[in-house]
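Geometric and topological summary
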Amino acid sequence: MSGLQKVGDAALDNVVWIMLVVIAVSAGLMNSFFLTVANFQNILVQTTVLGLVALAVGTALLIGEIDLSVIGNLVFSGLMGVLLIRDGYPPILAMLAPMVAGALIGLVNGVLIAKFKMNSLIGTLAMGLILTGAVLAITKGQTLTVDSAAYAFVGNQSIGTWPVMPLVLLVVALGAGLVAARTSWGRKVYATGGNERAASAAGIRTDRVRIQAFAVAGMLAGLAGFLQTSYLTGVNPTVGSDLLLYAVAAPVIGGVSLHGGQGRILGLMGGALLITVVQVALQIVSVSAYFVQIVGGVLILFAVLVDAIRIRRQTR
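Summarised in this report is the structure supplied together with it. Not measured: the values here are computed from a predicted model.

A few words on the packing of aromatic side chains. Under the counting rule described, the total for this entry stands at two aromatic pairs. A ring pair is formed by F40 and W162, whose centres lie 6.2 Å apart and whose planes are at 85 degrees; its orientation type is edge-to-face. Separated by 122 residues along the polypeptide, F40 in helix α3 (residues 37-62) and W162 in strand β3 (residues 162-163) bring together distant segments of the chain. For W162, a relative accessible area of 35% translates into the label partly exposed. Ring geometry for Y151 and F226: centres 5.2 Å apart, planes at 85 degrees, overall edge-to-face. In this pair, Y151 is assigned in helix α7 (residues 149-156) and F226 in helix α11 (residues 206-232), connecting sequence segments 75 residues apart.

What follows is the structure, given as structure tokens:
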């Protein structure tokens, strides 16, 4: 391999960090507030929910599948927590309920895909529509609010000068990174996504791994649902509707392959951070809101292009 090829591969592997530096410096030069600690904290808070949903999508991508139900799962699971706290149940139960609900939804997805061989794209899209419709039916399209300080603590309070929400994302991301890199289950996930036949021949029960991965993805979406409702002190049926494509783009920009079996948690988090940085930068430099969606589309197109280039280089 030539030196130029090595440089090209390194650039592809670290494209998310290169873009982060370029965009952050550029935005900072146009508006000095962008590089302040206060704005950095704001970016981290806004990254939290996207980061968790991107991690859920990335978990499915690692096994060569896709989970498009994550946003419906997020809103539905968050609604479960809101309903429990409004009905007077203990805050800890209302906080845990979204993760349990999310994991159960993911479990159903996994069984349908692994055991009934349902296409994950269509199956999870249908599940997302069902969940979104259920939320609209339960709330009748209205925003439900909560006045529990305990429930809203994680989404709105700080430890010292640092908000709690990003700390939750940090802990989850570190845990996910350790599981992916240091445990046998993590190796099974990569093996299943990389080559299912070889994984099966090696004794890995790939159907079980798929079901477990979807359950984990659902739990992460449920956790995002709790954090979203804690931050907003309530649930809005339309919140999160614009997150899905960004949640798919973030892991792909960060190096998680659409073809399965490849990707790192650090890169995935970098993808989520990059998307948030771009959105905040556009707001700070006073770019018209009409152009935000265009930039988002360009990011998604770029993510798919980068993944295609990576795959092409690896097959040479």
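In the contact formed by helix α4 (residues 70-86) and helix α6 (residues 120-139), the axes pass within 7 Å of each other and the chain directions differ by 35 degrees. In this structure, α4 meets α6 at a crossing whose hand is left-handed. Where α4 approaches α6, its residues G72, N73, V75, F76, L79 and L83 are matched on the opposing element by G128, L131, T132, A134, V135, I138 and T139. A per-class count over the contact of α4 with α6 returns eight nonpolar, five polar and no charged.

Next up on the list: empty space enclosed by the protein. Applying the stated rule across the entire model yields two cavities of 30 Å³ or more. Volume-wise, the largest cavity comes out at about 50 Å³. Every residue along the wall of the largest cavity is listed here: L74, V75, G225, Q228, T229, L232, G234, V235, N236 and V239. Among the elements of the structure, α4, α11 and β4 (234-235) are those that each provide at least two residues to the lining of the largest cavity. Class assignment for the residues of the lining of the largest cavity results in five nonpolar, five polar and no charged.

Another aspect to go through is the environment of V298. In this fold, V298 is placed in helix α14 (residues 292-314). Residues V298 and G88, spaced 210 residues apart in sequence, show a C-alpha to C-alpha distance of 45 Å.

Glancing now at the layout of surface pockets. Volume-wise, the largest pocket comes out at about 730 Å³. Lining the largest pocket are 25 residues, and of these Q46, D242, L243, Y246 and Q279 lie nearest its centre. Mapped by element, the contributors of at least two residues to the lining of the largest pocket are α3, α11, α12 (244-253), α13 (265-284) and α14. Looking at the lining of the largest pocket element by element, the count peaks at five residues for α14.

Cut-off values and rules
- Residues numbered from 1 in each chain as written.
- Predicted model: local features only at pLDDT ≥ 70, side-chain atom pairs only at ≥ 80, totals over all residues.
- Heavy atoms only, no water.
- Phe/Tyr/Trp six-rings, centres within 6.5 Å; stacked < 30°, edge-to-face > 60°.
- Helix = DSSP H or I, 4+ residues; strand = E, 2+ residues; numbered from the N terminus.
- Buried < 20%, exposed > 50% of the residue type's maximum accessible area, 1.4 Å probe, protein only.
- Axes fitted to C-alpha atoms, helices over the stretch in contact; angles between N-to-C directions.
- Left-handed = near helix turned anticlockwise from the far one by under 90°.
- Contact = heavy atoms within 4.5 Å.
- Nonpolar A, V, L, I, M, F, W, Y, C, P; charged D, E, K, R; others polar.
- 1 Å grid on protein atoms, 1.4 Å probe; cavity = no way out; pocket = protein on both sides within 12 Å on 5 of 7 lines; lining within 4 Å.
- Points joined across faces, edges and corners; volume = space filled by probe spheres on them.

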